[in-house]
Amino acid sequence: MTKPKKPNGRPNIFTETLAAKICQRIADGESIRAICSDPNMPSTTAIFRWIANGKYDGFRQLYESSMQIRLETLGDGLIELADAPIERNAAGMVDSAAVQMRRLQIETRRWILSKLLPRKYGDRMGLDHQGEGFNLTVVTGVPESFASLEQKRLKTG
């Protein structure tokens, strides 16, 4: 008499409710790594497999829209971050290390936004030429969206 085989690995815990919770936390600005550190959440590998797996297209679409919301929220937060008062030291002077840290926080967010939302936050360089019989416009610095690049990578990888 043979025993039935047990499946290898963790059981798949995907549910629509769990997917909605994960995507809500992403939209609220939490990273996948932080979400997965919660003991009630799946591993990062499981989440990325769900995104890549055609079986969970609804989750992938919800994830992509949650990431867009997260990025827009990050962009909105730049003004708040820039306008927040800088810490002062014991003598009441502005601490230069705090200024440098704030500058790094702002520049890091701006860089991320310029890469992931290039049409809105990217450096746009253009060249317009008009001559007799034709018009030429060349724009650089506007790459494909991160989501479409990631999808292509997952399909080929």
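Note that the structure is a prediction, hence the values are computed from the model and not measured. (Residues numbered from 1 in each chain as written. Predicted model: local features only at pLDDT ≥ 70, side-chain atom pairs only at ≥ 80, totals over all residues. Heavy atoms only, no water.)

Engineer: Please clarify how the overall build of the protein chain should be interpreted in this entry.
Structural biologist: Within the protein chain one finds seven helices and two strands. Helices (α) and strands (β) of the protein chain occur, in sequence order from the N terminus, as α-α-α-α-α-α-β-β-α. Pairs at least 24 apart in sequence give 47% of the contacts found in the protein chain among residues at least 6 apart. Of the roughly 12,100 Å² of accessible surface on the protein chain, 55% is carried by carbon and sulfur atoms. (Helix = DSSP H or I, 4+ residues; strand = E, 2+ residues; numbered from the N terminus. Contact = heavy atoms within 4.5 Å. Areas by Shrake-Rupley, 256 points an atom, 1.4 Å probe, with all protein chains shown as cover.)

Engineer: Can you help me understand the pattern of salt bridges in this one?
Structural biologist: Two side chains carrying opposite charge are able to pair once their charged atoms lie near each other. Going through the model one piece at a time under the given rule, you end up with five salt bridges. Glu30 serves as the salt-bridge partner of Arg25, at 2.8 Å between the closest nitrogen and oxygen. According to the relative accessible area criterion, Glu30 is partly exposed, its value standing at 26%. Notably, a salt bridge pairs Arg110 with Glu107, separated by 3.0 Å at the nearest N-O pair. One end of the pair is Arg110 and the other is Glu107, both in helix α5 (residues 96-116) and three residues apart, which spans about a single turn. When its relative accessible area of 43% is taken as the criterion, Arg110 is described as partly exposed. With relative accessibility at 38%, the residue Glu107 sits in the partly exposed group. One continuous salt-bridge network, built from bridges that share partners, spans Arg25, Glu30 and Asp38. (Salt bridge = Lys/Arg side-chain N within 4 Å of Asp/Glu carboxyl O. Buried < 20%, exposed > 50% of the residue type's maximum accessible area, 1.4 Å probe, protein only.)

Engineer: Explain the packing of helix α1 (residues 16-27) against helix α4 (residues 57-83) here, please?
Structural biologist: For any two helices packed against each other, one specifies the inter-axial angle together with the distance between the axes. As a packed pair, α1 and α4 sit with axes 7 Å apart at the nearest point and diverge in direction by 20°. By the angle between their directions, the pair α1 and α4 is classed as roughly parallel. The chirality of how α1 crosses α4 is right-handed. Here Ala19, Ala20, Cys23, Ile26 and Ala27 of α1 lie close against α4, whose contacting residues are Phe59, Leu62, Tyr63, Ser66, Met67, Ile69, Arg70 and Thr73. (Axes fitted to C-alpha atoms, helices over the stretch in contact; angles between N-to-C directions. Parallel < 35°, antiparallel > 145°, perpendicular 65-115°, else oblique. Left-handed = near helix turned anticlockwise from the far one by under 90°.)

Engineer: Quick question: what am I supposed to make of the packing of aromatic side chains here?
Structural biologist: The geometry of two aromatic rings is summed up by the distance between their centres and the angle between their planes. Scanning the entire structure with this criterion turns up six aromatic pairs. Taking the centre distance of 5.8 Å and the plane angle of 85° together, the rings of Trp50 and Phe59 count as edge-to-face. Phe59 sits in the buried class, given a relative accessible area of 3%. The rings of Phe14, Trp50, Tyr56, Phe59 and Tyr63 are connected pair by pair, giving a single aromatic cluster. (Phe/Tyr/Trp six-rings, centres within 6.5 Å; stacked < 30°, edge-to-face > 60°.)

Engineer: Got a minute to help me understand α1 in this structure?
Structural biologist: Residue pairs three or four apart in sequence face the same way in an α-helix, which turns once every 3.6 residues. Taking 1.5 Å per residue as the helical rise, α1 with its twelve residues ought to reach 16 Å, and the 16 Å between its terminal C-alpha atoms agrees with that figure. Those residues of α1 that fall on the buried side of the exposure criterion are Leu18, Ala19, Ile22, Cys23, Ile26 and Ala27. Downstream of α1 by a residue or two, Gly29 has a phi angle that is positive, lying close to 105°. (Expected span 1.5 Å × (residues − 1).)

Engineer: How should the packing of α4 against α5 be read in this particular structure?
Structural biologist: Between α4 and α5, whose axes approach to 10 Å, the crossing angle comes to 155°. Taken together, the axes of α4 and α5 are roughly antiparallel relative to one another. For α4 against α5, the interelement crossing comes out left-handed. In contact with Leu71, Leu74, Gly75, Leu78, Leu81 and Ala82 of α4, α5 contributes Arg102, Gln105, Ile106, Arg109, Arg110, Ile112, Leu113 and Leu116. For the contact of α4 with α5, the per-class residue count stands at nine nonpolar, two polar and three charged. (Nonpolar A, V, L, I, M, F, W, Y, C, P; charged D, E, K, R; others polar.)

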